[in-house]
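# Residue-level structure breakdown
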Amino acid sequence: MKIYIRATGNISPQKTFGHQFLTESLEHTGDRLTCVEPDYKDIIDVKLIRRMSRIIKMGVASAMECLQESGIAVPDAITTGTAYGCLEDTAVFLTKMVEQNEELLTPTAFIQSTHNTIGAQIALMLQCHNYNNTFVHRGFSFESALLDGMMLLSEKEANNVLVGGVDEITNVSHSILKRMGLYKRENVSNLDLFIAKPKGTIAGEGAAFFLLTNESSANDYAVLDGIHTFYKPVTIAETEQQILSFLSAQLISINDVDLIIAGRNGDLKNDKIYDQLQASIFNNDNIVNYKHLCGEYPTSTAFALWMASNIIKTATIPTIISKRASKNKLKKVLIYNHYQNINHSLMLLSAC
Amino acid sequence: MKSAVFVVGVGAISAIGNNVTECLTALENEAAGIGDIHHLQTVHRNKLPVAEVKLTNEELALKAGLSSTISRTALLSMVAAKEALDDAAIENISSLRTGFISANSVGGMDKSEDFFAEFLADNTKGKLRNVINHECGAVTELVADKLGIKNYITTISTACSSSANAIFLAVRLIKQNMLDVVVAGGTDALTKFTLNGFNTLMILDQQLCKPFDENRKGLNLGEGAGYVVLVSEKVAASLKKDVYCALSGYANANDAYHQTASSPDGTGSFLAMTGALEKSGLQPSDIDYINLHGTGTQNNDIAEGTAIKRLFADHYPKMSSTKSFTGHTLGACGGLEAVFSALAIKHSIIYPNLRLETPMVDLPFVPERKLLKNVPVKNVMSNSFGFGGNCSSLIFSKL
């Protein structure tokens, strides 16, 4: 059985909403990329917008854009991945709890802080009573949601599944993660991420949804061949072995891959793994990066999947992604990312 | 029984016991674990009853073999998951594809809220070690690493149905031949964040909760962890011990009614129970016992009860809410109640629903008020319904 990516929706630090494929590049300076948000009034009921925090609006709007493109009103299942969940509402409730010493609190922020709020709000808006699940496992959050969706299709429990990856960066989370040393200390342009000083990355965020289906149509972006995750590989040899066995399970070799999308984030230590792979099994391959466009966050692979889908569909690589990459043949694209060398993931796509 | 999935190990820690044996004894002795707050530092102490695990973090850390400075959520998880894995006693586990699928609702929030108080006063303050495991997934990884499981790891958070969905996913991964063994369930420690959150919703009973009583006033929050070890038929056949039961039915549906309230007719609950029956190939009359979600709130119990009335009319199974013992353990309840369901089948017992005085006038059935022993328990349905309309039902079946 083949799984097709029928439609996508993406809100990111680039102008990606409205099905634009990186035709212009947005430059951000600093250690934090913020999403370019659409006018939600066009997408969500105004009465609902007022109650929604930013991450919920971004998640719901990208899901709605994806569904609109798919022509499917109510999907057979909704699976969502979010590592951090609804941070803004969490911080609002925590702040009031501390400041008011647990007295006279109101429920709104607490209600909306629950990790499954985005998936739940989508179901509520669509009156969708079908399967609904939310995964919250760091750099595996989106991958788990995607695997769940693919399994539902192969189990014939669903003919189409709405799958998304959503995370936000807030002032609070940014300042805590900065103290942990994740980000660059000097101001850099995101477009110079891979030539800047070697320590740290830039924070990112985004909301990308996909409509997967087991029925092909004339408008599909790509075929999603497979996904694989692996956890805390001990050596680079283990990472190589995991990648090669994933490819062989897909009955291909690395030479059959036309383009690799890699999760480099500008931090020397983080990127060493990609460098090592490029010197070994990824040798001589067409490799591009994506985190200069969306920043580093646990569900960034949803952005990468959106990018891969569009590269295959349009058979182009916009110059903002790479000026050098060969555009001769873009039939098979492999995405490889690792999150803090803990959560590693692979996704393989093919042209329809 | 083609490609059936079996429960071969159970582990639990809750307010009624630090292991499965203690929990079972308390259930048989009608000994609830709900009372005054001893461990949680909150202004609600002596005002709101909760169901705390009776051990300090230091005592839990000793049992778990982990540092006492990490989240209580991880400590509880490790104690129960380790017990489940030891109980399963799978000799050749290192040669099998093993997964750990855990659920929780607020990750390392118990530590984050300590951090946050200092951080709020000064953004450069607060110990980072208290916030480094804030993410739900970080809690799972701490335990997976200690258990030595790495083939597949993920975390689910769908509020109160989280751990039922973890077990659900585990069954599917085994059926799809992606894994041989999965430790699945959930964990949650009491936190000020959740206690205050539920308090603002005005659904906490200031006395001990009374699930399915006409005069019920709300739920009591609890804490704990519960895990089952699920294996493929092939692995089950290789074990020297008896399996507890098969996991024969499962379904997930969404109520799509309100972010925190259930629809009056319990649409989501009805769809979850119906779907689980369909999956198992059983009829409503085949179910001997329903371990109710039964939180004790006005809203849940009437919605769940109405859905049961619609589905089981005229042949009501025995029912009870073990939350009358353990409180509502949120991300852990589906795991804990899966353990209790497996034990009900193994020991042919049905647990009492404590403190039920006045049956609900709108429902034609009454949950069991006394322990039933030596009763046939072949099929048990376990319900878990949560915020966001997430409803899941599991069915456990005797072999």
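Only a predicted model underlies this, so the values are computations on that prediction, with no experimental measurement involved.

## Observations regarding the overall build of chain A
- Helix and strand content of chain A: 11 helices and 10 strands.
- Structurally, chain A occupies a C-alpha span of about 60 × 50 × 40 Å along its principal axes.
- Classification of the 352 residues of chain A by burial places 57% in the buried group.
- Pairs at least 24 residues apart make up 78% of the contacts formed inside chain A by residues separated by at least 6 positions.

## With respect to the overall build of chain B
- Secondary structure summary: chain B contains 12 helices and 12 strands in total.
- Its C-alpha atoms give chain B a radius of gyration of 19 Å, within 12% of the compact-globule value 21 Å for 399 residues.
- Dimensions of chain B, computed from C-alpha atoms along their principal axes, come out at roughly 60 × 55 × 40 Å.
- Across chain B, the fraction of contacts at a sequence separation of at least 24, relative to all contacts at a separation of at least 6, is 78%.

## Description of the packing of helix H6 (residues 162-175) of chain B against helix H12 (residues 333-347) of chain B
All names here are of chain B.
- The geometry of H6 relative to H12 is characterised by a closest axis approach of 5 Å and an angle of 65° between their N-to-C directions. Where H6 abuts H12, its residues Ser 162, Ser 163, Ala 164 and Ile 167 lie against Cys 333, Gly 334, Gly 335 and Ala 338.
- Here the contact of H6 with H12 is composed, by residue class, of 4 nonpolar, 4 polar and no charged.

## Focus: the domain arrangement of chain B
Residues and elements named next belong to chain B.
- Along its sequence, chain B is carved into domain 1 (5-238) and domain 2 (245-397).
- Between the C-alpha centres of domain 1 and domain 2 the distance comes to 20 Å.
- Counting residues at the interface gives 63 residues for domain 1, matched by 59 residues for domain 2.
- When residues of the side of domain 1 that touches domain 2 are assigned to their parent elements, the largest contribution, 7 residues, is made by H6.
- Across the side of domain 1 that touches domain 2, the residue classes tally to 34 nonpolar, 20 polar and 9 charged.

## Describing unusual backbone geometry
- In this model, Arg 138 of chain A sits at a positive phi of 40°, which is unusual for a non-glycine residue.
- Tracing the backbone shows Arg 138 of chain A in the loop between strand E3 (131-135) and helix H6 (141-154).
- Taking the number of C-beta atoms within 10 Å as the measure of exposure, Arg 138 of chain A has 23 and is therefore buried.
- Even without a glycine there, the phi angle at Glu 30 of chain B is positive, about 55°.

## Looking at helix H3 (residues 72-88) of chain B
Residues and elements named next belong to chain B.
- A rise of 1.5 Å per residue sets the reference length of H3, with its 17 residues, at 24 Å; its end C-alpha atoms lie 24 Å apart and thus fit the reference within 8%.
- Here H3 lies mainly inside the structure; 14 of its 17 residues are buried.
- Remark: Ala 89 follows H3 within two positions and exhibits a positive phi of approximately 45°.

## Re the packing of H3 of chain B against helix H5 (residues 136-147) of chain B
Residue and element names in this part refer to chain B.
- Orientation of H3 relative to H5, taken along the N-to-C sense of each, is 40°, at an axis distance of 9 Å. As for how H3 packs across H5, the hand of that crossing is right-handed. Here Thr 73, Ala 74, Ser 77, Met 78, Ala 81, Lys 82 and Leu 85 of H3 come into contact with H5, specifically with Val 139, Leu 142, Val 143, Lys 146 and Leu 147.

## A look at the domain arrangement of chain A
All names here are of chain A.
- The domains assigned to chain A are domain 1 (4-213) and domain 2 (224-350).
- Here domain 1 and domain 2 have C-alpha centroids that lie 22 Å from each other.
- Contacts between domain 1 and domain 2 engage 45 residues on the former and 36 residues on the latter.
- Among the elements of the structure, strand E1 (4-11), H6, strand E4 (160-167) and strand E5 (206-213) are those that each provide at least two residues to the side of domain 1 that touches domain 2.
- Of the residues forming the side of domain 1 that touches domain 2, the biggest block, 6 residues, is contributed by H6.

## A closer look at the pairing of strand E2 (residues 77-81) of chain A
Residues and elements named next belong to chain A.
- Most of E2 sits out of view: 5 of its 5 residues are buried.
- Every second residue of E2 is oriented toward a common face, with Ala 77, Thr 79 and Gly 81 on one face and Ile 78 and Thr 80 on the other, all of them buried.
- As paired strands, E2 and E3 are joined by 5 bridges and run parallel to one another. Within the sheet, the bridge partner assigned to Thr 80 lies in E3 and is Thr 134.
- Bridge count between E2 and E4: 4 bridges; the pairing is parallel.

## So, the pairing of strand E3 (residues 152-156) of chain B
All names here are of chain B.
- Among the 5 residues of E3, 5 are classified as buried, and the element is accordingly described as predominantly covered.
- Residue alternation in E3 divides its side chains into two sets, Tyr 152, Thr 154 and Ile 156 and Ile 153 and Thr 155, and both sets are buried.
- Direction of pairing for strand E2 (residues 98-103) relative to E3: parallel, over a ladder of 5 bridges. Bridged to Ser 102 within E3 is Thr 155.

## So, the nonpolar core
- Core analysis: the largest hydrophobic core is formed by 249 residues, its most contacted members being Leu 212 of chain A together with Val 7, Ala 170, Val 228, Leu 230 and Ala 342 of chain B.
- The element contributing the most residues to this core is H3 of chain B, with 10 residues.
- Among residues more than four places away in sequence, those in contact with Val 228 of chain B are Val 7, Gly 9, Val 10, Ala 84, Ile 167, Ala 184, Gly 185, Ala 338, Val 339 and Ala 342 of chain B.

## Re the interface of chain B and chain A
- With 46 residues of chain B at the contact, the number on the chain A side is 45 residues.
- With 5 residues, the single largest contributor to the side of chain B that touches chain A is helix H7 (residues 192-200) of chain B.
- Counted by class, the side of chain B that touches chain A contains 18 nonpolar, 23 polar and 5 charged residues.

## Observations concerning H6 of chain A
Residue and element names in this part refer to chain A.
- A rise of 1.5 Å per residue sets the reference length of H6, with its 14 residues, at 20 Å; its end C-alpha atoms lie 20 Å apart and thus fit the reference within 8%.
- Most of H6 is tucked away, with 12 of its 14 residues classed as buried.
- Ser 141, Phe 142, Glu 143, Ser 144, Ala 145, Leu 146, Leu 147, Asp 148, Gly 149, Met 150, Leu 152 and Leu 153 are the residues of H6 that are buried.
- Downstream of H6 by one or two residues, Lys 156 has phi in the positive range, about 60°.

## Considerations on the environment of Gly 33 of chain B
All names here are of chain B.
- Structurally, Gly 33 is set in the loop between helix H1 (20-28) and helix H2 (57-64).
- As for Gly 33 and Thr 295, which are separated by 262 residues in sequence, their C-alpha atoms are 15 Å apart.
- Each residue touching Gly 33, except ones within four places of it in the same chain, is listed here: Ser 14, Ala 15, Ile 16, Ala 26, Ala 51, Phe 325 and Thr 326.

Each value, and the rule that gives it
Residues numbered from 1 in each chain as written. Chains lettered and ligands numbered in written order. Predicted model: local features only at pLDDT ≥ 70, side-chain atom pairs only at ≥ 80, totals over all residues. Helix = DSSP H or I, 4+ residues; strand = E, 2+ residues; numbered from the N terminus. Buried ≥ 20, exposed ≤ 12 C-beta atoms within 10 Å, placed from the backbone. Contact = placed C-beta atoms within 7 Å. Rg over C-alpha atoms; globule rule 2.2 N^0.38 Å. Axes fitted to C-alpha atoms, helices over the stretch in contact; angles between N-to-C directions. Nonpolar A, V, L, I, M, F, W, Y, C, P; charged D, E, K, R; others polar. Domains from an automatic or database assignment. Expected span 1.5 Å × (residues − 1). Left-handed = near helix turned anticlockwise from the far one by under 90°. Pairing = 2+ DSSP bridges. Core = buried A, V, L, I, M, F, W, Y, C linked by C-beta atoms within 7 Å.

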